[in-house]
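So the chains spell out like this:
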Amino acid sequence: MDYSLSHIKELESESIFVLREVAAQFENPVLMFSGGKDSILMVYLAYKAFYPAKIPFPLLHIDTGHNFPETIKYRDDLVEKYGAKLIVGSVQDAIDKKLVVEETGYNASRNSLQTAVLLESLENGKFDAALGGARRDEEKARAKERFFSHRDEFGQWDPKNQRPELWNLFNGNCRIGEHFRIFPISNWTELDVWQYLAYEKVELPSLYFAHEREVLERDGILLADCDYIRKRPEEKTYKATVRCRTIGDMTCTGVWKSDASNVEDIIEEIATTRLTERGGRTDDKRSETSMEDRKKQGYF
């Protein structure tokens, strides 16, 4: 076994340990699923952790209604493959019920509206733990999270008041109405994720591989053209060979010019780039603390 393989197998073991701790400590956990590579990894790790039994957590997808069509197809195929239970929280339903107000203007996005829908879904399901695929190398606010991240009765997070996690001891005690966000792949990097998915031969959405599509450039970021984006008069679309490094709402998820058509090409590309994967997310650029502000309010 070479060093790189030994490294990712250690990460796998750590994540599976955390997943089993969640099953042991909590009465009603749920696994948040976005359709991106990190949540796909989470589902696969949960499958391995509890095999031959089925995954003991339902999957919760907060659907903005502005997803890439490829994401929804992949989600449905994955749920059928693993025999998992899927719960969908709909942003469109929340708009219709006037729980949230849709943004307007050229930079309008439903991404921030997910927070209220997520909190409502967790409350309706009486979930006491929500497993997510966030990693500490993604973004500075996510680097502040612990494996077991406490949320108060309003779903809010206080980064200055977190519980110690010494010797892999996790404290999951919480009062009624509170819950935990659990991040089993906190210590993984983007490169680790891709190396593991390649080694395990996990099937992935076509969005991650180079393909030709209509794009437009906005504030230095390429966006996939779609009916959800209101284009400025001077913005023109053109065809380009691109791929996604993250997958989310089409209005704020940038695509990258790339010729990487397989996992090996992607690994080589990531190993040599200086651009972070969230460098193409327009929602992270609304302010210097945009992610941390959203997380404090209950965002994933």
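Relevant structure appears above.
Procedures and definitions
- Residues numbered from 1 in each chain as written.
- Predicted model: local features only at pLDDT ≥ 70, side-chain atom pairs only at ≥ 80, totals over all residues.
- Heavy atoms only, no water.
- Helix = DSSP H or I, 4+ residues; strand = E, 2+ residues; numbered from the N terminus.
- Rg over C-alpha atoms; globule rule 2.2 N^0.38 Å.
- Contact = heavy atoms within 4.5 Å.
- Lys, Arg positive; Asp, Glu negative; His and termini not counted.
- Charge placed at Lys NZ, Arg CZ, Asp CG, Glu CD.
- Axes fitted to C-alpha atoms, helices over the stretch in contact; angles between N-to-C directions.
- Parallel < 35°, antiparallel > 145°, perpendicular 65-115°, else oblique.
- Left-handed = near helix turned anticlockwise from the far one by under 90°.
- Nonpolar A, V, L, I, M, F, W, Y, C, P; charged D, E, K, R; others polar.
- Buried < 20%, exposed > 50% of the residue type's maximum accessible area, 1.4 Å probe, protein only.
- Pairing = 2+ DSSP bridges.
- Salt bridge = Lys/Arg side-chain N within 4 Å of Asp/Glu carboxyl O.
- Core = buried A, V, L, I, M, F, W, Y, C linked by side-chain atoms within 4.5 Å.

> Mind laying out the overall build of the protein chain, listing which residues take part and the relevant values?
For the protein chain, the helix and strand inventory stands at 8 helices and 10 strands. Against the globule reference of 19 Å for 300 residues, the protein chain gives a C-alpha radius of gyration of 19 Å, in line with a compact fold. Considering only intrachain contacts with a sequence separation of at least 6, the fraction spanning at least 24 residues in the protein chain is 73%. Of the charged side chains in the protein chain, 43 are positive and 52 negative; the average position of the first set lies 2 Å away from that of the second.

> Residue-level account of the packing of helix α6 (residues 190-200) against helix α7 (residues 263-272), with values.
The contact between α6 and α7 brings their axes to 10 Å, and the two run at 160°. It follows from the interaxial angle that α6 and α7 lie roughly antiparallel. Considering how the two elements wind past one another, α6 and α7 form a crossing that is left-handed. Residues Glu190, Leu191, Trp194, Gln195 and Ala198 of α6 form the contact with α7, whose participating residues are Val263, Ile266, Ile267 and Ile270. Split by residue class, the contact of α6 with α7 holds 7 nonpolar, 1 polar and 1 charged.

> Lay out the pairing of strand β6 (residues 179-182) with the relevant residues and their values.
Of the two faces of β6, the one holding His179 and Arg181 and the one holding Phe180 and Ile182 are both buried throughout. For strand β5 (residues 148-151) and β6, the ladder comprises 4 bridges, and the chain directions are antiparallel. Paired with Arg151 across the strands is His179, a residue of β6.

> How would you sum up the pattern of salt bridges? Please name residues and give values.
The tally for this structure, following the rule as stated, stands at 19 salt bridges. Salt-bridge contacts for Lys73 lead to Asp77; the nearest nitrogen and oxygen are separated by 2.9 Å. Here Lys73 pairs with Asp77, and both are found in helix α3 (residues 69-82), just 4 residues apart, close to one helical turn. For Asp77, a relative accessible area of 39% translates into the label partly exposed. Of the charged contacts in the structure, one is a salt bridge between Lys231 and Asp225, with a shortest N-O distance of 3.0 Å.

> Quick rundown of the nonpolar core? Include the residues and the values.
One finds Leu19, Phe148 and Ile182 to be the most contacted residues of the largest nonpolar core, which totals 65 residues. Discounting residues that sit within four places of it in the chain, Ile182 has contacts with Val18, Val22, Phe26, Ala129, Ala130, Leu131, Gly132, Phe147 and Phe148. One finds Val30, Met32, Leu113 and Phe127 within the second-largest nonpolar core, a separate group that totals 14 residues.

> Which residues make up the sheet that holds strand β7 (residues 211-218), and what values do they have?
Spatial ordering of the closed barrel is given by β7-β8-β10-β9, a layout of 4 strands whose pairing is antiparallel. Along the sheet, successive strands turn relative to each other by an average axial angle of 70°, direction set aside. In terms of strand pairing, strand β9 (residues 238-243) meets strand β10 (residues 254-257) through 2 bridges, oriented antiparallel. Bridged to Arg243 within β10 is Trp256.

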